[in-house]
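The chain contents come next:
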Amino acid sequence: MATLTASLFVMRWELLSAVMMFFASTLKTKLRQESRHVMAFMCGGIGLGMTCWFVTGLMGITLSMADLHNFLAISRHAFIDAMSQAPADWPMP
């Protein structure tokens, strides 16, 4: 019994995200059948967010503001580098 309790305590966030993914998927299916496509899209977004949370929890990835700032800085430098190598007369859509 203690092993079961300890495993539930350790896996609490992963279990919560798995349950939320299930509810979002079920609700999305029901809303699509009722032709409420905007609400179904929102539930799909919640399900996708819960999936990302589930995967990052299983992989042991911790998300902090410092990591987010580092990611945005690297992305900005990569974008500026890619745009500086583009031709000047390149048509933009």
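A quick note: this is a predicted structure, and the numbers were derived from the prediction, not measured. Each residue is numbered by its place in its chain's sequence as written, counting from 1. This being a predicted model, a pLDDT of at least 70 is required before a residue's local features are given, and a value of 80 or more before pairs of side-chain atoms are given or counted; all residues contribute to the totals for chains, interfaces and linings. Hydrogens are left out, water is left out, and the side-chain values use all remaining heavy atoms of the structure.

Participant: Please explain helix H2 (residues 12–33) as it appears in this structure.
Facilitator: Residues lying three or four places apart along an α-helix face the same way, a consequence of the helix completing one turn every 3.6 residues. With 22 residues, H2 extends 32 Å from end C-alpha to end C-alpha; this agrees with the ideal 32 Å at 1.5 Å per step. For H2, the full list of buried residues reads Glu14, Ser17, Ala24 and Leu31. All buried residues of H2 project into a common sector of 120° when viewed along the axis, lining one side. Within H2, the exposed residues directed more than 90 degrees away from the buried face are Phe22 and Gln33. The helix and strand labels rest on DSSP assignments: H or I over at least four residues marks a helix, E over at least two residues marks a strand, and numbering proceeds from the N terminus. Of the residues flanking the end of H2, it is Ser35, one or two places downstream, whose phi is positive at about 60°. Each residue after the first adds 1.5 Å to the expected span of a helix. For every residue, the accessible area (1.4 Å probe, protein chains only) is compared with the maximum for its type, and the residue is labelled buried under 20%, exposed over 50%, or partly exposed between those bounds. Picture the helix axis, draw a direction to every C-beta atom, and the arc is the one those directions span.

Participant: Please clarify how the packing of aromatic side chains should be interpreted in this entry.
Facilitator: Each pair of aromatic rings is reported with the distance of its centres and the angle of its planes. The aromatic pairing rule takes the rings of Phe, Tyr and Trp, using the six-membered ring of Trp, and pairs them if the centres are within 6.5 Å, calling planes under 30 degrees apart stacked, those over 60 edge-to-face and the rest tilted. Tallied over the full model, the rule gives one aromatic pair. With a centroid separation of 5.8 Å and an interplanar angle of 50°, the aromatic rings of Phe22 and Phe23 are classed as tilted.

Participant: So what exactly am I meant to see when it comes to the packing of H2 against helix H3 (residues 37–59) here?
Facilitator: Relative to each other, H2 and H3 sit at 160°, their axes nearing to 8 Å. In terms of their interaxial angle, H2 and H3 are classed as roughly antiparallel. Handedness of the H2/H3 crossing: left-handed. Of the residues in the contact of H2 with H3, the class split is 16 nonpolar, six polar and three charged. Only the stretch in contact is used when fitting a helix axis, every axis being a line fitted to C-alpha atoms; angles between N-to-C directions are given from 0 to 180 degrees. Roughly parallel means an angle under 35 degrees; roughly antiparallel means over 145; roughly perpendicular covers 65 to 115; every other angle is labelled oblique. The handedness criterion is simple: a crossing whose near helix is rotated anticlockwise from the far helix by less than a right angle is left-handed, and one whose near helix is rotated clockwise is right-handed. Each residue receives one of three labels: charged for Asp, Glu, Lys and Arg, nonpolar for Ala, Val, Leu, Ile, Met, Phe, Trp, Tyr, Cys and Pro, and polar for the others, Gly being one of them.

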